[in-house]
Amino acid sequence: METNGSSAPEASLDEPLDPGSRPHVRLEDLVRGPSGERASAAPSGERASAAPSGEPLTARLARRTVRGALYEPGPEEGYLRCTACAHRCVVAPGRAGACGIRFEQDGELRVPFGYVARHYVRSVETNTIFHVRPGARSLTFGMFGCDLRCPYCQNWKVSQALREPEGDGEPIDMSAADLVELAVAAGCEVLASAYNEPMITAEWARAVFTEARRRGLVTALISDGNTTPEALAYMRPVADVFRVDLKGWSADQYRTLGGRVEPVIAAIGEARRLGYWVEVVTLVVPGFNDKEAGLRALGAEIARVDLDIPWHLNAFYPRYKMRDRATTDPAFLVDVAGVAYARGMKYVYVSNVADSVRELSHTRCPGCYEVVVRRFNYETQEVLLSGGACPSCGTRVPGLWGPAAA
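Conventions adopted
Every chain is numbered independently, its residues counted from 1 as its sequence is written. Local features in this predicted model are restricted to residues whose pLDDT is 70 or higher, and side-chain atom pairs enter the listing and the counts only when it is 80 or higher, whereas totals over whole chains, interfaces and linings include all residues. Excluded from the side-chain calculations are hydrogens and water; all other atoms, namely the structure's heavy atoms, are used. When DSSP locates at least two bridges between a pair of strands, those strands are taken to pair. Only DSSP runs of H or I with at least four residues qualify as helices, and only runs of E with at least two residues qualify as strands; both kinds are numbered from the N terminus onward. Think of it in three bands: with a 1.4 Å probe and only protein chains considered, a residue is buried below 20% of the maximum accessible area for its type, exposed above 50%, and partly exposed in between. Planes of paired rings set the category: under 30 degrees apart is stacked, over 60 is edge-to-face and the rest tilted, where pairs are Phe, Tyr or Trp rings (Trp by its six-membered ring) whose centres lie within 6.5 Å. What makes a salt bridge here is a side-chain nitrogen of Lys or Arg within 4 Å of a carboxyl oxygen of Asp or Glu, nothing more.

Right, let's get into the sheet that holds strand E7 (residues 80–82). Hydrogen bonding along the main chain pairs the strands of a sheet, whether they run parallel or antiparallel. Read from one edge of the open sheet, three strands run E6-E7-E8, paired in antiparallel fashion. Two strands close off the open sheet at either side, each with one partner strand: strand E6 (71–73) and strand E8 (90–91). Of the pairings in the sheet, the one linking E6 to E7 comprises three bridges and is antiparallel in character. Residue pairing across strands places Glu-72 opposite Arg-81, the latter belonging to E7.

What follows is the structure, encoded as C-alpha cells:
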C-alpha cells in the first residue's frame, strides 16, 4: 500500500503511538458533581435527570462506569495501559486516555457501562452492512466518546461530545437486558453498536451482545477499525460482524483524524482470521482522500485479505467541520468501483447516491452476474438467494443470510 509516495510499514495492531502524540484528558471531577455528592442513576430505561448546573459531561459519564477488562499494568507503578484501541494509552492516575471515557481510578481502569446515548430501530442496511440478514430490522445503539476526531463525522454530537461544547444529550440509563428487550419487541434480527466507537466501550457492548445472542440476535460492531487483537478476541465470542470504516491510505490523512492506517488494515485481517463477517466502508471526501491511486491501493489491501469482503464506496456530504466542500461526484465512485471489480474484488457497492447510481446497490452473483439481492436507498427490495447460493448458477455468495436465503 502506498503512503505518502512510499511503502507503508508492515501493518501491526501492537505498535503503540508515541506517548507525546496521545492527548491524555484531565478530568477535574471523575465521580462527584459540583455539590460534592455522588449522583444516583436514573431508573433503567429512562433518560437521566437534568445535570446540576455546570456539571461536565465527563462527570456524568464517570458515574456510569465499571471496572474494565481491556487493560494491563503500565510501564510505571500506578500507571495502566488500556488495550481497547490502537492508541494503547498509558493512563496516569486520575487521568483518562485519548478517548476521554476510559480512566484510572483507585488502581483500576474504569470504563463506560449501563447507559446509551442513542438507540434507533432501522433497516440493517443503514449500518452499511449488505451481506447480513438483508431487509431485517436492526436496533442500533451507541454511547458517548471516540478514539478519533474525524472532521466530517455524521454522529459528532455523540462521538465528539466530550470535545465539543455543542455535544448533544444526556445518557439514558438502561440494562443490557432492557436494551435487548427493546430490540426483540421491535421485531429486530440484528443488534448493532455504532454512533461512537464501540471498541472503546467494549465491556458494555459485550454485556449487551451476550444477552442479544441469548435471544437469538445477530450482533454487529460498526467500528473505525483502530483497535487491537486483544479487543477483537474479547468481543469475538459474542460478536458476529465487524464493519470497518477504512478512512484513507496515508499517514497524513490518518494523522488528521487522530490515528494511523496500519492498525486498521491489520484489524481487517485479524477480524477475518477470527471468523467475523467483515465489510469495509470508505467515505470518499473531496480534497481529502479522493485520489484514484490511493483508493486503488485501499482496494488492493482489502483484496489481499479476502476478495469476498464487501467494499462500500460512499459519497461525502458536507457536515460538521467540512461544510466547505462539494458532495462527491457519483461518476468518480463508479470509476473506482469498476477498477476494483476489474482487479478481482467480488462485491463493491456505491449506495448512498441512489438517485444517480442504482445498479451498484445490488448484490450480484460473482459467477453469472445475476442480481441475487436487489436494493434501493439502503432498503432491500428482493432476496433471490437459495440456500445462500445464486438460484441461476449455484455459486455460493458469502454472508450471514436470513433463514429464507441461508
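All right, on to unusual backbone geometry then. At Tyr-195, a residue that is not glycine, the phi angle is positive and equals roughly 75°. With respect to the element layout, Tyr-195 can be found in the loop between strand E16 (190–193) and helix H4 (202–214). For Tyr-195, a relative accessible area of 15% puts it in the buried group. Phi is positive for Asn-377, which is not a glycine, with a value near 55°. Residue placement: Asn-377 occurs in the loop between strand E23 (371–376) and strand E24 (379–383).

So, on to the packing of aromatic side chains. For the structure on display, the rule yields nine aromatic pairs. Taking 6.1 Å as the distance between ring centres and 25° as the angle between the ring planes, the aromatic pair formed by Tyr-115 and Phe-144 counts as stacked. Residue Tyr-115 is located in strand E12 (residues 115–116), and its partner Phe-144 is located in the loop between strand E14 (137–142) and helix H2 (156–159); the two are separated by 29 residues in the primary sequence. As far as the burial class goes, Tyr-115 and Phe-144 line up, both buried. The interplanar angle of 10° and the centroid separation of 4.7 Å between the aromatic rings of Trp-156 and Tyr-320 together place this pair among those described as stacked.

Right, let's talk about the pattern of salt bridges for a bit. One pass over the structure, following the stated rule, counts 22 salt bridges. Between Glu-203 and Arg-102 there is a salt bridge, with the nearest N and O atoms lying 2.9 Å from each other. Pair noted here: Glu-203 is in helix H4 and Arg-102 is in the loop between strand E9 (95–96) and strand E10 (103–105), with a separation of 101 residues, a long-range link. For the pair Glu-203 and Arg-102, one class covers both residues: buried. Among the salt bridges present, the one from Glu-292 reaches Arg-296, with a minimum N-O distance of 3.7 Å. Residue Glu-292 and its partner Arg-296 are both found in helix H8 (residues 292–305); the two are separated by four residues, about one turn of the helix. Look at Glu-292 and you get partly exposed, because its relative accessible area is 34%. Taking the relative accessible area as the measure of exposure, Arg-296 reaches 30% and is therefore partly exposed. When salt bridges with common partners are traced through the structure, they connect Arg-67, Glu-108 and Arg-110 into a single cluster.

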